[in-house]
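# Architecture and fold: a report
Chain residues, written in single-letter form:
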Amino acid sequence: MSADVPGPVPPPRAAPVLDPDTFDRRTRGRPLVALLDLDGTLAPIAPRPEDARVPATTRDALARLTHAPGVQVAFVTGRSAADGARLAGVPRTWVVGNHGAETVDPDGSCHVAPEVAAWAEPLARAADLLQRAAERVPGARLEDKRWSLSLHLRLADPTRAAELEHAAESAAAAEGLRLGRGKAVLELRAPVHVDKGTAAVALVRRLVPGPVPPALVVMGDDVTDEDAFRRVAAAFPQTLTVRVGAPDHPTAAAYTVPDVATAADFLVRLAARASGDAPR
């Protein structure tokens with residue numbers, strides 16, 4: 001099936017646990033593009049975003065992948081692209097940030113989706129509203145990423161969660177923005193057809209032009225990663241999609257791995273094979 005003809009994507013359901021043989025078989029092709037979320041996928045979830053860290057073993061494996069022939073690595077994150085690049089800490093990579101709104105190239109240049117850029121003023125006004133709401137609730141925190149807003153609830157007073165939810169709903173309605181919910185976070189984004197999936201598909205086509213589809217692996221753990229699972233698999237049916245988390249959780253991904261450590265083990269395995277240190 002052509003990469004330009006969408007294939008069927010199953011509805012969310014519990015997915016089987018990924019095994020090493022399947023992983024090896026599905027990632028042998030070249031060119032290979034790895035599209036990887038950061039928080040909850042490569043870096044364990046931290047109480048505060050700035051406290052998150054990608055383990056050194058994982059970062060070393062990713063660095064080796066960037067030097068392997070025919071391999072491209074991209075991080076696809078809800079963080080700003082610049083912050084995603086900082087957290088990943090791996091040169092020679094692409095970073096898609098703000099849920100697809102912006103992309104940083106390996107040379108450091110940043111490109112913002114024009115559909116999202118048109119919503120700069122409503123996002124700025126919503127940021128003012130949410131900042132005032134966050135200041136009223138102990139532990140709540142607004143992360144203003146310019147092209148999206150994240151109201152973090154993980155450390156907030158749980159008895160006032162409804163107040164924060166109401167503030168986010170009100171700000172979204174007042175400015176015509178889209179409200180999403182993730183792991184202990186409320187997110188406001190521009191109401192346009194841009195998400196992790198649309199940006200990931202566009203990046204793959206940019207990296208690997210032509211009719212021959214690449215080998216692809218997509219890893220993520222949260223609600224917005226489901227967009228990437230669905231859209232990339234629809235555009236490139238050979239994609240290996242992997243959700244990081246409990247195997248009984250409904251997902252559009254084809255497989256699951258239970259945790260960040262297991263995801264790292266698979267990437268270390270891939271790096272060893274791609275760089276010639278393990279049998280192909």
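The following refers to the structure shown. Remember, it's a predicted structure, so these values are computed and weren't measured experimentally.

This part takes up the side chain of glutamate 175. Examined against the element boundaries, glutamate 175 turns out to sit in helix 6 (residues 161-175). Sequence-distant contacts of glutamate 175, that is, excluding residues within four places in its chain, are made with Trp119, Pro122, Arg125 and Ala126.

Between helix 7 (residues 196-207) and helix 8 (residues 225-235), the shortest axis-to-axis distance is 7 Å and the interhelical angle comes to 40 degrees. Taken together, the axes of helix 7 and helix 8 are oblique relative to one another. As helix 7 packs across helix 8, the resulting crossing turns out to be right-handed. Here Lys196, Gly197, Thr198, Ala200, Val201 and Arg205 of helix 7 come into contact with helix 8, specifically with Asp225, Asp227, Ala228, Arg231, Val232 and Ala235. A breakdown of the residues in the contact of helix 7 with helix 8 according to their chemical character gives five nonpolar, two polar and five charged.

Structurally, glycine 197 can be placed in helix 7. Residues glycine 197 and alanine 235, spaced 38 residues apart in sequence, show a C-alpha to C-alpha distance of 9.9 Å. Leave out the neighbours within four places in its chain, and glycine 197 touches Asp227, Ala228, Arg231 and Val232.

A few words on the pairing of strand 8 (residues 178-182). Two faces belong to every sheet, and in a regular strand the side chains alternate between them. Sheet analysis places strand 8 next to strand 9 (residues 185-189), joined by five bridges and oriented antiparallel. Each bridged residue has a counterpart across the sheet, and for leucine 179 the counterpart in strand 9 is leucine 188. Linking two consecutive strands that pair antiparallel, namely strand 8 and strand 9, is a turn of two residues; a positive phi of about 55 degrees is found at alanine 184 within it.

For the rest of this paragraph, the subject is the side chain of lysine 196. The residue lysine 196 is located in helix 7 in this model. With a relative accessible area of 2%, lysine 196 lands in the buried category. A polar contact of 3.4 Å, which involves the side chain of lysine 196, links it to the side chain of threonine 224.

Below, the discussion takes up the sheet that holds strand 7 (residues 148-152). Taken together, the four strands give an open sheet; going across it, the order is 6-7-9-8, and neighbouring strands pair in antiparallel fashion. Single-partner strands in this sheet number two, and they are strand 6 (141-144) and strand 8. Averaged over all pairs of adjacent strands, the angle between strand axes in this sheet comes to 20 degrees, irrespective of strand direction. In this structure, strand 7 lies alongside strand 9, joined through five bridges in antiparallel fashion. From the neighbouring strand, serine 150 faces strand 9, where its bridge partner is glutamate 187. Docked against the sheet, helix 6 engages strand 7, strand 8 and strand 9, running at close to 5 degrees with respect to strand 9.

Another aspect to go through is helix 6. In this model, helix 6 (15 residues) spans 21 Å end to end at C-alpha, consistent with the 21 Å of a helix rising 1.5 Å per residue. Turning to helix 6, its buried residues are Leu164, Ala167, Ala168, Ala171, Ala172 and Glu175. Seen from one end, helix 6 has its buried residues packed into an arc of 130 degrees, which puts them on one side. Of the exposed residues in helix 6, the ones pointing more than 90 degrees away from its buried face are Ala162, His166, Ala173 and Ala174. The elements touched by buried residues of helix 6 are helix 5 (120-136), strand 7, strand 8 and strand 9.

Another point: the packing of aromatic side chains. Applying the stated criterion across every chain yields a total of one aromatic pair. Consider the rings of phenylalanine 23 and phenylalanine 266, whose centres lie 4.9 Å apart with planes at 55 degrees: the pair is tilted. With phenylalanine 23 in helix 1 (residues 20-26) and phenylalanine 266 in helix 9 (residues 260-274), the pair connects residues that are 243 residues apart, well separated along the chain. No difference in accessibility class separates phenylalanine 23 from phenylalanine 266, as the two residues are buried.

Reading guide: rules and limits
Residues numbered from 1 in each chain as written. Predicted model: local features only at pLDDT ≥ 70, side-chain atom pairs only at ≥ 80, totals over all residues. Heavy atoms only, no water. Helix = DSSP H or I, 4+ residues; strand = E, 2+ residues; numbered from the N terminus. Contact = heavy atoms within 4.5 Å. Axes fitted to C-alpha atoms, helices over the stretch in contact; angles between N-to-C directions. Parallel < 35°, antiparallel > 145°, perpendicular 65-115°, else oblique. Left-handed = near helix turned anticlockwise from the far one by under 90°. Nonpolar A, V, L, I, M, F, W, Y, C, P; charged D, E, K, R; others polar. Pairing = 2+ DSSP bridges. Buried < 20%, exposed > 50% of the residue type's maximum accessible area, 1.4 Å probe, protein only. Polar contact = N/O pair within 3.5 Å; in protein donor to acceptor, adjacent residues only side chain to side chain. Expected span 1.5 Å × (residues − 1). Arc of directions from axis to C-beta. Phe/Tyr/Trp six-rings, centres within 6.5 Å; stacked < 30°, edge-to-face > 60°.

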